[in-house]
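Geometric and topological summary
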Amino acid sequence: MSGPFADASEDDDLTLQVTIADGCADRLDKALARSVPEEASLSRTRLMKMIAEGAVWRGGEALTDPKTKVEDGEVITLVLDPPVSVDTLAEDIPLNVIYEDAHLIVVDKPVGMVVHPAPGTPSGTLVNALLAHCGDTLSGIGGERRPGIVHRIDKDTSGLLVVAKSDKAHHGLATQFERHDVNRRYLALVHAVPNAADPRLRGIKGVTFETGGIIKIATLLARHKTDRQRQAVVWHDGRHAVTRVRVLEAFADQAALVECWLETGRTHQIRVHMAHAGHGLLGDQTYGGKRKLSPKALTPLAAEMGNGFPRQALHAATLGFTHPVTDEWLEFTSPLPEDISGLLDAMRAPLD
């Protein structure tokens, strides 16, 4: 099989082959939770249910005990259920569609829209909007008849998302995300100016430097120990995460416009990594810290706008991938939204 997903035959159940990642050897349930690609959309609860139902196999043996010992490099086969209809309500919510065909759709998500329904946001999400927009063109994905969400961006992050409309597209896109073959570039406004010559930055664990002024941040990420809504940098028992950063424009020593691109796509990755490097995003109430822009180094208006920016200043500006059916390379760009572009205009204004 060329990727993590494969059909045994056109009539058989869909199967997912998972290779236990290096360093994840453990009991079956824990090893699977760490090794199953995020793009497969298999929660820990669903994995436990699959184990109990005999849908997890090693070789010719069904593994029904979650405490079964597995080793690094072992291949585990998951047998997925056929798709069923979901109860999520289709809602006629306007979408900014950048591209669409029979297999996938690319949308430019506005600030404030949640991607997927959750207990606190059961409606008004991108998925609700897509169910109405795509209608009967959706096929079964991940065990349910729904849009295939292969990556997410936070509620208060704007920008580009690709969503699968068919199983084949979902599997092909998920493979590309897992192999890091997707070009995802973000624009962000951060506190201070990242500089490879800064001894402080050079002394931070996980931060290295590449040619062309590129800063590489490589850590593990996991849920915060005391705040389950946050992610944290860890050095064991986490998911590998790599972000690269390049400064595009500096504003005195107060802030910088940076381009970030992802080798991996973990929850809150850019926000956590930039905070770890000491350059939290402007407006980020969770990870940004308490730093303030100086009205003396910038104009008073720029400082006021930056210090009061109501969301993390992060925009998914570029998205490129190989079409999973036609093999054509597709790449899309999204202009900065008005709030970030307005803040940039204020920061570029000369001091009197």
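Structure's up top.
Below, the structure is looked at part by part. Fair warning: this is a prediction, and the values are worked out from it, not measured in the lab. (Residues numbered from 1 in each chain as written. Predicted model: local features only at pLDDT ≥ 70, side-chain atom pairs only at ≥ 80, totals over all residues. Heavy atoms only, no water.)

Considerations on the pattern of salt bridges
Tallied over the full model, the rule gives 15 salt bridges. For the salt bridge of Glu259 with Arg185, the shortest nitrogen-to-oxygen distance reads 3.5 Å. Of this pair, Glu259 sits in strand 20 (residues 255–262) while Arg185 is found in strand 15 (residues 183–191), placing the two residues 74 residues apart along the sequence. By relative accessible area, Arg185 is classed as partly exposed at 22%. Notably, a salt bridge pairs Arg200 with Asp198, separated by 3.6 Å at the nearest N-O pair. (Salt bridge = Lys/Arg side-chain N within 4 Å of Asp/Glu carboxyl O. Helix = DSSP H or I, 4+ residues; strand = E, 2+ residues; numbered from the N terminus. Buried < 20%, exposed > 50% of the residue type's maximum accessible area, 1.4 Å probe, protein only.)

Details of unusual backbone geometry
Positive phi outside glycine occurs at Ala252, with the angle close to 50°. Looking at the element boundaries, Ala252 is found in the loop between strand 19 (239–251) and strand 20. The exposure class assigned to Ala252 is partly exposed, which follows from its relative accessible area of 47%.

Re the environment of Thr299
Assignment of secondary structure puts Thr299 in the loop between helix 6 (269–276) and helix 7 (300–307). In sequence terms Thr299 and Asp352 are 53 residues apart; their C-alpha atoms lie 8.0 Å from each other. Each residue touching Thr299, except ones within four places of it in the same chain, is listed here: Ala346, Ala349, Pro350 and Leu351. (Contact = heavy atoms within 4.5 Å.)

Here we look at helix 6
Within helix 6, six of the eight residues are buried, which leaves it mostly tucked inside the rest of the structure. Among all positions in helix 6, only Gln269, Ile270, Arg271, Val272, His273 and Met274 are buried. As for helix 6, its buried residues are in contact with strand 15, strand 17 (214–223), strand 18 (231–234), strand 19, strand 20 and strand 21 (314–322). After helix 6 finishes, the residue Gly278 shows a positive phi value of roughly 85°.

A short note on helix 1 (residues 28–35)
Counting buried residues in helix 1 gives six out of eight residues, a clear majority hidden from the surface. Within the sequence span of helix 1, burial applies to Leu28, Asp29, Ala31, Leu32, Ala33 and Ser35.

Here we look at the environment of Gly60
By secondary structure assignment, the location of Gly60 is in the loop between strand 4 (56–58) and strand 5 (61–62). Taking the C-alpha atoms as reference points, Gly60 and Gly278, separated by 218 residues in sequence, lie 50 Å from one another.

Observations concerning the packing of helix 1 against helix 2 (residues 44–52)
Where helix 1 meets helix 2, the closest approach of the two axes is 10 Å, and the angle between their N-to-C directions is 135°. Considered as vectors, helix 1 and helix 2 are oriented oblique to each other. In this structure, the crossing between helix 1 and helix 2 has a hand that is right-handed. Taken together, the residues of helix 2 that come into contact with helix 1 (itself represented by Leu28, Asp29, Leu32 and Ala33) are Arg44, Leu47, Met48 and Ile51. A class-by-class count of the residues in the contact of helix 1 with helix 2 yields six nonpolar, no polar and two charged. (Axes fitted to C-alpha atoms, helices over the stretch in contact; angles between N-to-C directions. Parallel < 35°, antiparallel > 145°, perpendicular 65-115°, else oblique. Left-handed = near helix turned anticlockwise from the far one by under 90°. Nonpolar A, V, L, I, M, F, W, Y, C, P; charged D, E, K, R; others polar.)

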